Amino acid sequence: MKILLTDIGSERRRYRIEESIHFSGTDLEQSVPVEAEITVKRFNKNLFVVTGSLQARVTLPCNRCSTGVDCEVAEDFVYTFRLDDEPQISKEYGCSDEDCETVYLDEPFIESDMILKEQIFLALPTHCLCDEMCRGLCDGCGVNLNNNACQCIEDNSGSPFAVLKK
Ligand SMILES: [Zn+2]
Ligand SMILES: [Zn+2]
């Protein structure tokens, strides 16, 4: 959603967002359903504070077996936007939830997708398991040991069984 700052007067504006945000990239290629609420408050002519919260469901690979696991993420955030007449060097939305820096805007709008995407990234768990008891993949044959028996012995042509087959 594109939030046009010139529309915002002295009243705080609340936006309710329900959409799917597309993520591309190695582990995260997917459409993520997101529900968010964003409030924009104008402090003066050029200064805007955006507060919000989001909930999203992201599918992440299990750390042990790589099976996709649905993770619920929730995050609160605050951003300060300054609309500047002079273009700034930093145009990144470089802002974490705790340590919020001012983001300079060249144009009078905010892309809510950029904020939500960044916050979902920050909220992703670093450790994700399909099950606490997940047995992972076999180092030798690569089977998922949760569903399959290890194939290592049968593939081993040096085993006594291979000799018997001859
Ligand atoms: Zn697993
Ligand atoms: Zn194996």
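Just so it is clear, the structure is predicted and the values come from calculations on it, not from any experiment.

## Section: helix α1 (residues 112–123)
In step 1: Its 12 residues place the ends of α1 16 Å apart at the C-alpha level, agreeing with the 16 Å of an ideal helix rising 1.5 Å per residue.
In step 2: By the burial criterion, the buried members of α1 are Ser112, Ile115, Leu116, Gln119, Ile120 and Ala123. Taken down its axis, α1 places every buried residue within 130° of arc, on the same side.
In step 3: Of the surrounding elements, those touching the buried residues of α1 are β1 (2–4), β2 (13–23), β3 (30–42), β4 (47–61), β5 (68–83) and β7 (109–111).

## Concerning the coordination of the zinc ion (ligand 1)
Under perfect tetrahedral coordination by four donors, a metal shows angles of 109.5 degrees; under perfect octahedral coordination by six donors, it shows angles of 90 or 180 degrees.
In step 1: Ligation of the zinc ion (ligand 1) by protein atoms is provided by Cys62 (SG), Cys65 (SG), Cys130 (SG) and Cys134 (SG), these donors lying 2.3 Å from the ion.
In step 2: Metal-centred angles of 104 to 115° between the 4 donor atoms at the zinc ion (ligand 1) mark the site as tetrahedral.
In step 3: Coordination of the zinc ion (ligand 1) draws on donor residues from a single chain, spaced C-x2-C-x64-C-x3-C in sequence. Here the residue Cys62 occupies a position in the loop between β4 and β5, and Cys130 occupies one in the loop between α1 and α2 (152–155), the gap between them amounting to 68 residues.
In step 4: Given a relative accessible area of 35%, Cys130 falls into the partly exposed group.

## Let's talk about the pairing of β4
In step 1: Here 9 bridges tie β3 to β4, and the two strands are oriented antiparallel to one another. Opposite Lys41, over in β4, you have Val49 as the bridge partner.
In step 2: Linking β3 back to β4 in an antiparallel pair, the connection comprises 4 residues.
In step 3: Bridge analysis of β4 against β5 gives 15 bridges, and the strand direction is antiparallel. In the sheet register, Val58 faces β5, and the bridge partner there is Cys71.
In step 4: The antiparallel pairing of β4 with β5 creates a hairpin that spans 6 residues between the two strands, and Ser66 there sits at a positive phi of about 70°.

## Quick word on the pattern of salt bridges
In step 1: All chains considered together, the criterion is met by 3 salt bridges.
In step 2: Ionic pairing is found between Arg16 and Glu35, a salt bridge with its closest N-O pair at 3.2 Å. Here Arg16, found in strand β2, pairs with Glu35, found in strand β3; they are 19 residues apart in sequence, far enough to count as distant.
In step 3: By relative accessible area, Arg16 is classed as partly exposed at 46%.
In step 4: The residue Glu37 makes a salt bridge to Arg16 at a minimum N-O spacing of 3.5 Å.

About the cut-offs
- Residues numbered from 1 in each chain as written.
- Chains lettered and ligands numbered in written order.
- Predicted model: local features only at pLDDT ≥ 70, side-chain atom pairs only at ≥ 80, totals over all residues.
- Heavy atoms only, no water.
- Helix = DSSP H or I, 4+ residues; strand = E, 2+ residues; numbered from the N terminus.
- Expected span 1.5 Å × (residues − 1).
- Buried < 20%, exposed > 50% of the residue type's maximum accessible area, 1.4 Å probe, protein only.
- Arc of directions from axis to C-beta.
- Contact = heavy atoms within 4.5 Å.
- Donors = N, O, S within 2.8 Å, 3.2 Å for Na, K, Ca; no water.
- Tetrahedral: all angles 85-135°; square planar, octahedral: opposite > 155°, others 65-115°.
- Pairing = 2+ DSSP bridges.
- Salt bridge = Lys/Arg side-chain N within 4 Å of Asp/Glu carboxyl O.

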